[in-house]
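Structural characterization, general
Below are the chains, spelled out letter by letter.
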Amino acid sequence: VSQEPGRLRRSLAAVLEQDSSGLVFRLTLLALLVHGPSGGALQTVLMVLAGAGLVLPRLAGHALLWIAIAAAMWWFHAGDLFWIDNHKYLMCYWALACALAALAREPAATLAWNGRWLIGLAFLFATLWKLLGGEYLDGSFFRYTLVADDRLAPLALWLGGIEPQELALAWELELELLSDPGAGGEATLPGGRELSRLALVLSYYTVAIELAIALLFLLPGGDKIRLAGHFCLLGFIVSTYALVPVFGFGYLLTIMGLSQIKGGGWRLRASYLGALVALELSQLL
Amino acid sequence: MEGKVRWAGDEIEVLARWLVPGLLVLVAMVQVGLSLRTELTPWKGGGFGMFAVVDSPELRTVEILATTAGGEVVRLDAADFLASREWRSMRSMPMPGQLGRIGERVLSERIVPMGSRRDVALVQLGREGVGGDEGWWRPLYADDPVELEGVLVRSVELGWWKISYDGEGHRLLARRIGEPLRMGAGGGGGR
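Residues numbered from 1 in each chain as written. Chains lettered and ligands numbered in written order. Predicted model: local features only at pLDDT ≥ 70, side-chain atom pairs only at ≥ 80, totals over all residues. Heavy atoms only, no water.

1. Brief notes about the pattern of salt bridges
All names here are of chain B. For the structure shown, the criterion picks out 16 salt bridges over all chains. Between E86 and R101 there is a salt bridge, with the nearest N and O atoms lying 3.5 Å from each other. Here R101 lies in helix α3 (residues 96-108) and E86 lies in helix α2 (residues 84-92), a separation of 15 residues in the sequence. Each of E39, D55, R60 and K162 takes part in one network of salt bridges that share partners. (Salt bridge = Lys/Arg side-chain N within 4 Å of Asp/Glu carboxyl O. Helix = DSSP H or I, 4+ residues; strand = E, 2+ residues; numbered from the N terminus.)

So, in C-alpha cells, the structure goes:
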C-alpha cells in the first residue's frame, strides 16, 4: 500500500514528461474518435483503430496503426473529393504526417515540421481565396453571412442593428428563392450602416489574422516569430470556433500548434490544452 | 517509441518532410484552377476557400419541371432522384452532363404528388385529403400504399440555378448556370 503514492507520482511524471510526439499522437487519436466522421464505414474503422491506439499505449505511436488510419481516410474520402470539407482534407494530410513521423528517425521533429507547413499553407490558401473571391475587402461576404448564417445571428442582432423579425424574414426569402428559382424575383436583405461597419471589421480582422498566421508559420525566423505565430493561432482558434462551431478544424489546428512546442514550453502547451478544453466546453453552451 | 518500424536513409527523411506539404499545395492549386475555370465552388475541393465567397453548394439547386402523361406541369426535387452523396457532389461542381443523368431517372420513374401518402391515410380515416403540396411531386416509392399508382413523366426540363448575392444592392437574386436541358417527348416541361 505504501508503494501506491510513489507509483502515482511516477505515472503522472511519465505523462507530463512524455516527448511531444506521444502527446500529439494520442490527441490526434482522440480527435479522430470524438470529432471524426459521423456515420458510415469510415467512422467504424476509425473508432476501432483510434480506440485501440488509445487503450493500448504501445500502439499509439506505432507506424502500422497510423498507416492503417491514413489509408482508411484517404480511401474513404477519395470518392467524395468535391464534397468533403477542407478540414477533412487537413485531417487526411495530418494522418499521413503521423504515419510518416511514426516511421521517421525523429517523430517529434517530423510532426513539428509537417504541422508548421500544414498550418502555414492552409492559412495562406485561405487568405488567397479571400482576396481572389473579391467579397472581403468591401465587406460584402460578411454583410450577407451575418444575415444569412444563423450561427452569426447573435452578432447580427447585438452589433449589426438587425431585428429578429428581419432575420427570420431574410431566411424565409432565401429558402423561397432556392425552392423555386425560376419564378423570378429578388430579395433585398435587411441591414444598414451598423451591419456594414460590423461586416468590414470582421472582414479585415479575418484577412489580417489569417495572413499573419500564414506568414508567421511559413517564414523562417527565431523564437519570437514562432511565439507570435502561436499567439495568433490561439487567438484565431478561440475567436473563430466560439462563433462557428467547426470543432474538427479547431481541434486539428490546436493539435498541430501543440506539435510545434519543443522542450519545456509548458505555458504554451497548457494554452493549447486549455483551448482544446474550451472548444469542448463551448459545445455544451 | 516501442515496437517501432523504422525507415533508414536520408531519402525517406526527405519524403517525410515534403510529401504532405507538397500534396496540400498540389491539391489546392488544382482546386484554385478548377474553381476559376469551372463551377466548382471555392468552398470545396481542398483549396481552403471556405468562408471566402457567398457562392456555397447550399445556394445551388436544380429546377425540374416535368410534364406528366396527362399534360400537367409539376415540380420535382432533384434530391429525390439521387443518392445524397451524389446530390452533394453535384451541387459542389455543377456540370451540364449531370442534368441528363437526373432527367433519365425522372423519365423512368412513376411520380405522385408530395402529400399523397398522407392523403391515402386521411381518406382511410374518413377525412378529406389535402391534395398534395403546392405542385411538388416525388417518385413513387416501393413502400407507398397500393392505392397510389403514380403517373409517368412525358417530358422534363432541367436547369442549374444558383442564388447570387449582389453586394451593392444587398439583395439576393436567382441566376441560371448554363442552358436548361429538355428531354422526353415534346421537349420538356417549361413554365
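2. Some remarks on the interface of chain A and chain B
Accessible area lost when the parts come together is the quantity often used to give the size of an interface. Listed as interface residues are 70 residues of chain A and, on the opposing side, 66 residues of chain B. Of the roughly 6200 Å² buried between chain A and chain B on both sides combined, carbon and sulfur atoms contribute 66%. The largest share of the area that chain A buries against chain B comes from F82, W83 and W129 of chain A, three residues that together contribute 14% of it. Where chain A packs against chain B, one counts five salt bridges. Put simply, D180 of chain A and R75 of chain B hold a salt bridge, and the shortest N to O gap is 3.0 Å. The tally of links between chain A and chain B comes to 21 residue pairs in polar contact (both at pLDDT 80 or more). (Contact = heavy atoms within 4.5 Å. Buried area = accessible area lost by both parts, 1.4 Å probe. Polar contact = N/O pair within 3.5 Å; in protein donor to acceptor, adjacent residues only side chain to side chain.)

3. Focus on empty space enclosed by the protein
Residues and elements named next belong to chain A. Under the definition given, this model contains one cavity of 30 Å³ or more. Space inside the largest cavity adds up to approximately 40 Å³. Lining the largest cavity are W74, H77, A78, L81, I84, Y89 and C92. The residue makeup of the lining of the largest cavity, split by class, is six nonpolar, one polar and no charged. (1 Å grid on protein atoms, 1.4 Å probe; cavity = no way out; pocket = protein on both sides within 12 Å on 5 of 7 lines; lining within 4 Å. Points joined across faces, edges and corners; volume = space filled by probe spheres on them. Nonpolar A, V, L, I, M, F, W, Y, C, P; charged D, E, K, R; others polar.)

4. Digging into the pairing of strand β1 (residues 60-68) of chain B
All names here are of chain B. Within β1, nine of the nine residues are buried, which leaves it mostly tucked inside the rest of the structure. On β1, burial covers both faces: R60, V62, I64, A66 and T68 on one face and T61, E63, L65 and T67 on the other are all buried. As paired strands, β1 and strand β5 (residues 151-166) are joined by nine bridges and run antiparallel to one another. Considered in β5, the bridge of T68 is made with V153. Note that β1 and strand β2 (residues 73-77) share five bridges and pair antiparallel. Within β2, the position partnered with I64 by the bridge is L76. As consecutive antiparallel partners, β1 and β2 are separated by four residues, and within that stretch G71 has a phi angle of approximately 95 degrees, a positive value. (Buried < 20%, exposed > 50% of the residue type's maximum accessible area, 1.4 Å probe, protein only. Pairing = 2+ DSSP bridges.)

5. Comments concerning a nonpolar patch on the surface
Residues and elements named next belong to chain A. A surface patch of nonpolar side chains, amounting to about 570 Å² of accessible area, comprises L30, L33, V34, M47, L54, V55 and L56. Elements with a contribution of two residues or more to the nonpolar patch: α2 (20-35) and α3 (40-55). Mapped onto the secondary structure, M47 falls in helix α3. (Patch = residues over 30% accessible without salt bridge, like charges linked within 9 Å, V, L, I, M, F, W, Y side chains within 5 Å. Areas by Shrake-Rupley, 256 points an atom, 1.4 Å probe, with all protein chains shown as cover.)

6. Digging into the layout of surface pockets
Residues and elements named next belong to chain A. Size it by volume and the second largest pocket reaches roughly 480 Å³. Listing elements by their share of the lining of the second largest pocket, those giving two or more residues are α6 (107-132), α10 (193-218) and α11 (223-241). No other element matches α11, which puts five residues into the lining of the second largest pocket.

7. Thoughts on the confidence of the model for chain B
Within chain B, residue pLDDT values average 86, and 88% of them lie at 70 or more. Scored as a complex, the prediction yields pTM 0.88 and ipTM 0.90. (pLDDT = per-residue confidence, 0-100.)

8. Looking at the pairing of β2 of chain B
Here two bridges tie β2 of chain B to strand β4 (residues 136-139) of chain B, and the two strands are oriented parallel to one another. Bridge pairing in β4 of chain B places R75 of chain B opposite W136 of chain B.

9. Describing the state of the cysteines
Residues and elements named next belong to chain A. In the structure shown here, the tally under the stated rule is zero disulfides over all chains. C92 carries a free sulfur, and the closest cysteine sulfur to it, the one in C98, is 12 Å from it. Among the residues examined, C92 registers a relative accessible area of 4% and is labelled buried. Residue C98 is classed as buried on the basis of its relative accessible area of 0%. (Disulfide = S-S within 2.5 Å.)

10. Looking at the environment of E135 of chain A
Counting through the fold element by element, E135 of chain A comes out in the loop between α6 and α7 (140-148). On the basis of relative accessibility, which here comes to 18%, the residue E135 of chain A falls in the buried class. Counting along the chain gives 68 residues from E135 of chain A to S203 of chain A, while the straight-line C-alpha distance between them is 9.0 Å. Excluding residues that lie within four positions of it along the chain, E135 of chain A makes contacts with S140 and F141 of chain A together with A52, V53 and V54 of chain B.

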